[in-house]
Protein chains: 2
Amino acid sequence: MKNADHTNMLLHTDRPASQRKIVDILAAARTEFFANGFSATSIEAIAARACVSKVTVYSWFKNKENLFGEVVKTECSQMRKYFVVENLEGTELRDILISAAHGMLNFLMRDEMVRFERVLAAEVNRDPKIGEYFLDNGPRMLLGDLTNLLNAAIERGEIRSENVTESAEMFAGLTMGRMDLFLRYGHKVMMTEEDKKKRVNRAVDAWLTLHRV
Amino acid sequence: MKNADHTNMLLHTDRPASQRKIVDILAAARTEFFANGFSATSIEAIAARACVSKVTVYSWFKNKENLFGEVVKTECSQMRKYFVVENLEGTELRDILISAAHGMLNFLMRDEMVRFERVLAAEVNRDPKIGEYFLDNGPRMLLGDLTNLLNAAIERGEIRSENVTESAEMFAGLTMGRMDLFLRYGHKVMMTEEDKKKRVNRAVDAWLTLHRV
DNA sequence: ATCAAAATGTACGGTAGCGTTCAAATAAAA
DNA sequence: TTTTATTTGAACGCTACCGTACATTTTGAT
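- Chain A is annotated in an unreviewed UniProt entry as TetR/AcrR family transcriptional regulator of Parasphingorhabdus flavimaris.

Right, here's the structure in full:
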């Protein structure tokens, strides 16, 4: 194992080839882990998919558990890019919320995300820290952004709330309903863009009704 | 394998002892599967926990997959008992909803349930039918009961709704928020009975606000 | 007491995966 | 061209598990 932390190792290496291999390994590991889960995934399958020898995998990652952890880390760091809650200047609060709800819906409905959550949840028993890590970099961060956005709106006197955190959670609950649950257990949710719009509008209007001054 | 279907085999057996063994095996399998997931659970560990030989396990269940399926079936059939949505005669709608929300919260917050959902979700990739089976016997059934309850209330003119199914989903979404998500990823939710009451009241009042005539 | 179903222990063959070792090959940098 | 880090394949020891076979023992029913 040459380096345990791959987050900032773009500088200290003599040869650039290894960089590509690491990326390949992580990508392959991601695919395999998401498809089969932790236990049912073999290092050799990962190596094969990455077109790399098993020894190379072990030369960059301590062991299977460590590799899985790195995959989760990488995935979590990507999450922020996909779903951002923005407080756009000069935009109606309702439109901001609609945009946020759409973002949430699209983000969580992706097949990739659904599969990621499936696999991750299963590994929480084995390694609870990995669940915490995900929560910190995913849900908690998103709810935090949302809370900030709501606080700003409250400051401006546009809405009111006794408990902003709970209000943020309610927003997510109203938007998603039980859809994430149904997706997780394999129900194919067929939704046109029109359906999404309807659902989002309904959720936002409901939420605004509950929080109007 | 003496009998593949254990749901109605209380009659055709000569000896009652085997009945107890089957129950023991299922209980042990449940514990092991819920703790370690499908792949990481060994038949031998199950046999040991059930104080039974491995051969006995195989004499009653075809294989590991089949055993897991039976565990899920058993668990699903138990679910209805834990959480019932009742339309109590002569009870205020608000109280019925509060009771239902409490039932939902307590039901889904149980550590057992959280772990069951974790393991189950992970196996959906391997066997999608198992996810469908769970949805049919769990969430869909509960939402169905809830929908019936709401329809009755609408009939009585106590509330109104454009889309009852979505309203039922909203009820669940408002009550649970993102709590099920946080629980699934290992966040320890510390809630006193007082906290639960507050949350439930808040959700029910919000929902009623959205559906009053 | 007798009988047959049920359960056991042991052992087996087969497969698979983890993580390591090592000598040989490769490829970038000097 | 030489040097040095990196990569490779093949093999290894080890452990674990699946599912089966079989001879033996237990156990409930009649």
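After presenting the structure, the write-up continues.
1. Details of the relation of the copies chain A and chain B
Line of reasoning, step 1. When chain A is fitted onto chain B, the two copies agree to an RMSD of 0.1 Å after a turn of 180° and an axial shift of 0.0 Å. Taken together, the rotation and translation describe the operation of a two-fold axis. Within chain A, the C-alpha atom positioned nearest to the axis of rotation is that of Gly173(A), 2.1 Å from it.
Line of reasoning, step 2. In this assembly, 100% of the residues forming the interface of chain A have copies in chain B that are likewise at the interface, indicating an isologous arrangement.

2. A short note on empty space enclosed by the protein
Line of reasoning, step 1. According to the stated counting rule, one finds 6 cavities of 30 Å³ or more in the structure shown.
Line of reasoning, step 2. A volume near 250 Å³ is recorded for the largest cavity.
Line of reasoning, step 3. When contributions to the lining of the largest cavity are tallied by element, the ones reaching two or more residues are helix H4 (64-82), helix H5 (93-109), helix H6 (111-123), helix H7 (128-137), helix H8 (139-155) and helix H9 (164-176) of chain A.
Line of reasoning, step 4. Class assignment for the residues of the lining of the largest cavity results in 17 nonpolar, 2 polar and 3 charged.
Line of reasoning, step 5. Lining the second largest cavity are 18 residues, and of these Arg178(A), Met104(B), Leu108(B), Pro139(B) and Leu142(B) sit closest to its centre.
Line of reasoning, step 6. Secondary structure elements with two or more residues in the lining of the second largest cavity: helix H5 (93-109), helix H6 (111-123) and helix H8 (139-155) of chain B.
Line of reasoning, step 7. Residue classes in the lining of the second largest cavity are distributed as 15 nonpolar, 1 polar and 2 charged.

3. Quick word on the packing of aromatic side chains
Line of reasoning, step 1. For the structure on display, the rule yields 14 aromatic pairs over all chains.
Line of reasoning, step 2. Ring centres of Phe116(B) and Phe134(B) lie 5.7 Å apart, and the angle between their planes is 80°; this geometry places the pair in the edge-to-face category. Note that Phe116(B) is positioned in helix H6 and Phe134(B) in helix H7 (residues 128-137), a separation of 18 residues in sequence. An identical accessibility class is assigned to Phe116(B) and Phe134(B); each is buried.
Line of reasoning, step 3. Between Phe171(B) and Trp207(B), the ring centres sit 6.0 Å apart and the planes meet at 90°, which makes this aromatic pair edge-to-face. You can see Phe171(B) sitting in helix H9 (residues 164-176) and its partner Trp207(B) sitting in helix H11 (residues 193-211), a full 36 residues away along the chain. When sorted by exposure, Phe171(B) lands in the same class as Trp207(B), which is buried.
Line of reasoning, step 4. Linked through ring pairs, Phe34(A), Phe116(A), Phe134(A) and Tyr185(B) together constitute an aromatic cluster.

4. Quick word on the domain arrangement of chain A
All names here are of chain A.
Line of reasoning, step 1. You can read the domains of chain A as domain 1 (17-71) and domain 2 (83-211).
Line of reasoning, step 2. Spacing between the C-alpha centres of domain 1 and domain 2 amounts to 31 Å.
Line of reasoning, step 3. Counting from both sides, the interface comprises 8 residues of domain 1 and, opposite them, 8 residues of domain 2.
Line of reasoning, step 4. Summed over both partners, the interface of domain 1 with domain 2 buries about 790 Å², with 63% contributed by carbon and sulfur atoms.
Line of reasoning, step 5. Between domain 1 and domain 2 we count 2 salt bridges in total.
Line of reasoning, step 6. With a closest N to O distance of 3.7 Å, Glu65 and Arg126 form a salt bridge.
Line of reasoning, step 7. Our count for the contact surface shared by domain 1 and domain 2 stands at 1 residue pair in polar contact (both at pLDDT 80 or more).
Line of reasoning, step 8. Those elements that provide at least two residues to the side of domain 1 that touches domain 2 are helix H1 (17-36) and H4.
Line of reasoning, step 9. Residues belonging to the side of domain 1 that touches domain 2 are distributed by class as follows: 4 nonpolar, 2 polar and 2 charged.

5. Comments concerning unusual backbone geometry
All names here are of chain A.
Line of reasoning, step 1. In this structure, Cys51 is a non-glycine residue whose phi angle is positive, near 55°.
Line of reasoning, step 2. Along the polypeptide, Cys51 turns up in the loop between helix H2 (43-49) and helix H3 (54-60).
Line of reasoning, step 3. Of the residues examined, Cys51 reaches a relative accessible area of 66% and is grouped as exposed.

Cut-offs applied
- Residues numbered from 1 in each chain as written.
- Chains lettered and ligands numbered in written order.
- Predicted model: local features only at pLDDT ≥ 70, side-chain atom pairs only at ≥ 80, totals over all residues.
- Heavy atoms only, no water.
- Least-squares fit on C-alpha atoms with pLDDT ≥ 70 in both.
- Contact = heavy atoms within 4.5 Å.
- 1 Å grid on protein atoms, 1.4 Å probe; cavity = no way out; pocket = protein on both sides within 12 Å on 5 of 7 lines; lining within 4 Å.
- Points joined across faces, edges and corners; volume = space filled by probe spheres on them.
- Helix = DSSP H or I, 4+ residues; strand = E, 2+ residues; numbered from the N terminus.
- Nonpolar A, V, L, I, M, F, W, Y, C, P; charged D, E, K, R; others polar.
- Phe/Tyr/Trp six-rings, centres within 6.5 Å; stacked < 30°, edge-to-face > 60°.
- Buried < 20%, exposed > 50% of the residue type's maximum accessible area, 1.4 Å probe, protein only.
- Domains from an automatic or database assignment.
- Buried area = accessible area lost by both parts, 1.4 Å probe.
- Salt bridge = Lys/Arg side-chain N within 4 Å of Asp/Glu carboxyl O.
- Polar contact = N/O pair within 3.5 Å; in protein donor to acceptor, adjacent residues only side chain to side chain.

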